[in-house]
Structures are given as structure tokens and as C-alpha cells.
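So the chains spell out like this:
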Amino acid sequence: MTASRVLVLNSGSSSLKYQLLDMADGSRLAAGLVERIGEESSRLVHEPLTGQGAAGGRRERTGAIPDHRAALRAVSEEMAADGLGIDSPELVAVGHRVVHGGTKFTRPTVIDDAVLEEIRGLVPLAPLHNPANVTGIEVARALRPDLPQVAVFDTAFHSTMPEHVARYAIDAATAEKYSVRRYGFHGTSHAYVSRATAALLGKPVEDVNVIVLHLGNGASASAVRGGVCEETSMGLTPLEGLVMGTRSGDLDPAVVFHLARVGGLSVDEIDSLLNKKSGLLGMCGDNDMREVLRRAGEGDESARLAFASYIHRLKKYIGAYSAVLGRVDAVAFTAGVGENAAQVREAAVDGLAGLGLTLDPEANAVRSAQPRLISPQYARVAVAVVPTDEELEIATQAYALVTQ
Ligand code: AMP
């Protein structure tokens, strides 16, 4: 049997998410999460999987896990208890989610000292994310220095955006000096979902134009022509674009000057306001769409307003990306909200028959973990729900790179 396991790590500032996949058949062998790293109340949840679903025997550990190194050791112990240890010769690569690849990294990359240094160099562009990603890489390298560690970048799928789309209309020298341009994020999800949508339609990806709506706590849209990303809604940072759980999305940049000059807020305060206290949360006090829908259903005015703004922005992007693509074959909803909230899908498509979009209400109401069409057969544009799988995409890309 050839070795075919890939460990996928998604390292956050105080968390470490992981999955172990067998790329012989894409099955999942284990998954888990360490949270509140560095606190007294750290928690590790580990779940052995059969490939199809839970194998039973979900385990939990609580108690201080001081740093990411200790977190990965604890994960390794849990996996070893199931005969899936990180020291196993079956493991052929570790795939790391890295948020920002700048303009340098446009494809998955095997990490050496020079690559790691370059990822560190991108910290000013992603101060919240890249440092944690670097830490994850460092601890995995220390544990298995012999194993290829592969960085898969959230920005990479969007690197095909034409220059005139990626550029902001600001002074060219300033933009160049400070690397100010649109990078886009959630790229592994947009890549996976655009391909899976073509598969659902039974067509080669080259023949299909898709608008992907990744609606999670963070949210982004992309216009994908024949498998190649042409535009996406997030920009220099994940703040631009759609109304999100806690982020404002698009606004007049002068809002920032106004808050500084008139409101006396500092840059850090405005950053926090727009990233952490805006969006649905800022407008109505809840960032979870389930709560927003529940409250709106009970007639709560601020929840209704937040929902209406969320949907309005979504429609604007569907319209804009219909114009960008010229011909749209499918609109795909994905991530926590997109996969689960039939009401959001219904409201987003409502009134867009002129763009070829209609829903089959019965199909839209079905709850399922499978990719599925929710538009009627006759519809000019297919509307689909396509569950995203960023871990599988990272593992697929990492495996392809180390076995090529
Ligand atoms: P994600 O970032 O993709 O994990 O998505 C998380 C978000 O999905 C949560 O904040 C919820 O707003 C949303 N969500 C999850 N389940 C549902 C549901 N059944 N209905 C509406 N929204 C949901």
C-alpha cells in the first residue's frame, strides 16, 4: 500500500484545527480542534472518523495547553491512540492553511526556510492571521522535520484576477510602495466550490461560469469563468465586500476619516469597529444568522433591517458579477449560512428572474449535506447549494504537489 495520508492544519492565534485525510480515496480518518491555547481552560476535542462519518469515541481533554507546540503534541498523542500517529510512515505531507500569500504565492508551495521567511514578511498584510499560520508551520516542522510541509494560500485562487480588477484606483506609486491591491480570501473554498458546481452540472469546469457565494461568519462572492477567478469581493483584507457577521463590508472610505476627525476614534479603534463590531452584529446585536432570522421573524426591527441590508448587498454582488461574467451558468451558495439558511437563499434570488435566477421552493427547503440544485429544470441559470470542504481542498493540493 502506498502512503497517502495528509494532515491538514489550520492554525489560529489561540486555536489549532486539524483533519487527517487519506488521499487514496479522500476519506477522513480524524478531525479535531484545540481551542483557548495559552489559557488555563484550553480544550482539545478529537474525533476519529470512518471516512463516511463519526466512528464514535469522540474524546475531549481540558486543562492548560500553554502553546501551539504543546497543542500539536497533544493532537499527536490523541491520533497515536487510534493508530494514526503523526510519526506514521503513512503520512506524506502536512498541508497548512496560510491566509495571505501576497502577490508572491499563487500556488501551493513546499515550505523551506526561505518560504517561511517570505510568509513572515507578509505579516503586515495579514497581522491577525499570518503570525498564527507561521507558528503552526514551525511546530509541525519541529515535530516532523523530514516531512514536506505545504502552504496552501487563501489568496492564491484569486491571483488570476486581471490587473485592472485587482487594482484600486489610487496613486500608482503609493499602491506599489505599500502593496495596496485586491487579493481576495476564502480562495480554497471558492476553488473547491466552483469545481464542485461544474461537477454537479455534469460539465467540464472550463465550460462553466459560476458566481460563488461563500456565506459564513466571514462572507465573500467570486466570479469564476471556466474555473478561473475573475473577481472576488474581499480586497486588501477580508473587510471589503458583503455584509458579514461582524464586518461591515463595503463602505465609503471617508467613513474612516470622519470617525477619526469628528469622532476622535483611533485607527485601532476604527479597525476593531469595522472588523469586529459591525455587519449583522453591529446593526442588530447578533452575528449568528439563526438568531437574526429568529428575531426578524418575531418582528424585531433592528434584526429585520440587518437582514435586509445583508440581502441587498448580496443582490448587488450577484448583479455585478452577472455583468462581469456576461453569461452565468450557475450561482452556488456555500458555507454556514449559504448551506443552511433557505430563507437567505430565497431572499437573495427573489426578484432576479430578469438575470435568469429562480428557485424551486421545495428543493430550496430540503436540508442535506450533499451538493444539490435548488432551481427548476427550465431555469436559465442553475442555482445550487454546494457544501464547501476547505480541508479536502488543502489536502488535495498538498498531496498533488508532493506526489507529482
Ligand atoms: P462558517 O463561518 O461557514 O462556519 O458559518 C458560520 C455561520 O453560519 C454562523 O455564524 C451562523 O450564522 C451560520 N449558520 C449555521 N447554521 C445555520 C442555520 N441553520 N441557519 C442559518 N445560519 C446558520
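Everything here concerns the structure above.
Sequence order as written defines residue numbering, which begins from 1 separately in each chain. This being a predicted model, a pLDDT of at least 70 is required before a residue's local features are given, and a value of 80 or more before pairs of side-chain atoms are given or counted; all residues contribute to the totals for chains, interfaces and linings. Side-chain measures were taken over the full set of non-hydrogen atoms in the model, leaving aside hydrogen atoms and water.

Undergrad: What should I look at first to understand the site of the ligand in this one?
TA: One heavy atom suffices: a residue is near a molecule or strand as soon as one of its heavy atoms comes within 4 Å of it. Around the ligand, the structure places Gly216, Asn217, Asp288, Met289, Arg290, Ala335, Gly336, Val337, Asn340, Ala341 and Arg367. Here an oxygen atom of the ligand sits 2.9 Å away from a polar atom, N or O, in the main chain of asparagine 217. We call two N or O atoms a polar contact when they sit within 3.5 Å, provided that within protein one can donate a hydrogen and the other can accept it, with sequence-adjacent residues counted only if both atoms are side-chain atoms. Take arginine 290: an N or O atom from its side chain is 3.5 Å from a nitrogen atom of the ligand. Starting from 510 Å² of accessible surface for the ligand in isolation, the protein chains cover 70%. Taken atom by atom, the bulk of the ligand overlaps the second largest pocket. Elements that contribute at least two residues to the shell around the ligand include exactly helix 10 (289-297) and helix 12 (335-340). At 4 residues, helix 12 tops the list of elements feeding residues into the shell around the ligand. Taken together, the residues of the shell around the ligand break down into 4 nonpolar, 4 polar and 3 charged. Residue burial considers only the protein chains on display, and all accessible areas are found by Shrake-Rupley using a 1.4 Å probe. Residues are called lining when one of their atoms sits within 4 Å of a cavity or pocket point, these points coming from a 1 Å grid over the protein atoms alone, where a cavity is a set in which a 1.4 Å probe fits but cannot get out and a pocket is an open set with protein on both sides within 12 Å along at least five of seven lines. Criterion for pocket placement: a molecule counts as inside a cavity or pocket if more than half of its atoms are within 2 Å of its grid points. By the criteria applied, helices consist of DSSP H or I runs no shorter than four residues and strands consist of E runs no shorter than two, each listed in order from the N terminus. Residues were grouped as follows: Ala, Val, Leu, Ile, Met, Phe, Trp, Tyr, Cys and Pro as nonpolar; Asp, Glu, Lys and Arg as charged; and all remaining residues, including Gly, as polar.

Undergrad: Teacher, can you tell me more about the packing of helix 7 (residues 254-261) against helix 8 (residues 267-276) here?
TA: Think of two packed helices as two axes; the pair is described by the angle between the axes and how far apart they sit. To get an axis, a line is fitted to the C-alpha atoms, and for a helix only the part in contact is used. The angle between two axes follows their N-to-C directions and goes from 0 to 180 degrees. Packing of helix 7 against helix 8 brings their axes to within 10 Å, and their N-to-C directions diverge by 130°. One element, helix 7, and the other, helix 8, form an angle in the oblique class. Read as a crossing pair, helix 7 and helix 8 show a hand that is right-handed. Contacts between helix 7 and helix 8 involve Val256, Leu259 and Ala260 on the former and, on the latter, Ile270, Leu273 and Leu274. Per-class residue counts for the contact of helix 7 with helix 8 are 6 nonpolar, no polar and no charged. Any angle that falls under 35 degrees is termed roughly parallel, while one over 145 is termed roughly antiparallel, one within 65 to 115 roughly perpendicular, and all others oblique. A clockwise turn of the near helix away from the far one marks a right-handed crossing, whereas an anticlockwise turn of less than a right angle marks a left-handed crossing. By definition in these notes, contact holds between two residues if any of their heavy atoms fall within 4.5 Å.

Undergrad: Help me understand helix 15 (residues 390-403) in this model?
TA: Owing to its 3.6 residues per turn, the α-helix brings residues three or four apart onto one side. For a helix, the expected span equals 1.5 Å multiplied by the number of residues minus one. Relative to the 20 Å expected for 14 residues at 1.5 Å per residue, helix 15 spans 20 Å between its end C-alpha atoms, a close match to the ideal helical length. Partly exposed describes any residue whose relative accessible area lies between the buried limit of under 20% and the exposed limit of over 50%, with all areas from a 1.4 Å probe on protein chains only and scaled to the type maximum. Residues Leu392, Glu393, Ile394, Ala395 and Ala398 constitute the buried set of helix 15. In this fold, the buried residues of helix 15 make contact with strand 1 (5-11), strand 2 (16-22), strand 3 (27-35), strand 6 (91-98), strand 8 (149-153) and helix 6 (187-201).

Undergrad: Would you mind showing me how to read the pairing of strand 14 (residues 382-385) here?
TA: Consecutive side chains of a regular strand alternate in pointing toward one face of the sheet and then the other. Taking every second residue as pointing to the same face, both faces of strand 14 are buried, with Ala382 and Ala384 on one and Val383 and Val385 on the other. A pair of strands is considered paired only if DSSP assigns at least 2 bridges between the two. Taken together, the 4 bridges between strand 12 (residues 330-334) and strand 14 define a ladder with parallel strand orientation. Looking at the pairing, phenylalanine 333 lines up with valine 385 of strand 14.

Undergrad: Would you mind going over the environment of valine 45 with me for this structure?
TA: Assignment of secondary structure puts valine 45 in strand 4 (residues 43-48). Put simply, valine 45 and leucine 33 are 12 residues apart on the chain and 5.4 Å apart in space, counted from C-alpha to C-alpha. Excluding residues within four positions of it along the chain, valine 45 makes contact with Tyr18, Ala31, Gly32, Leu33, Arg58, Arg59 and Glu60.

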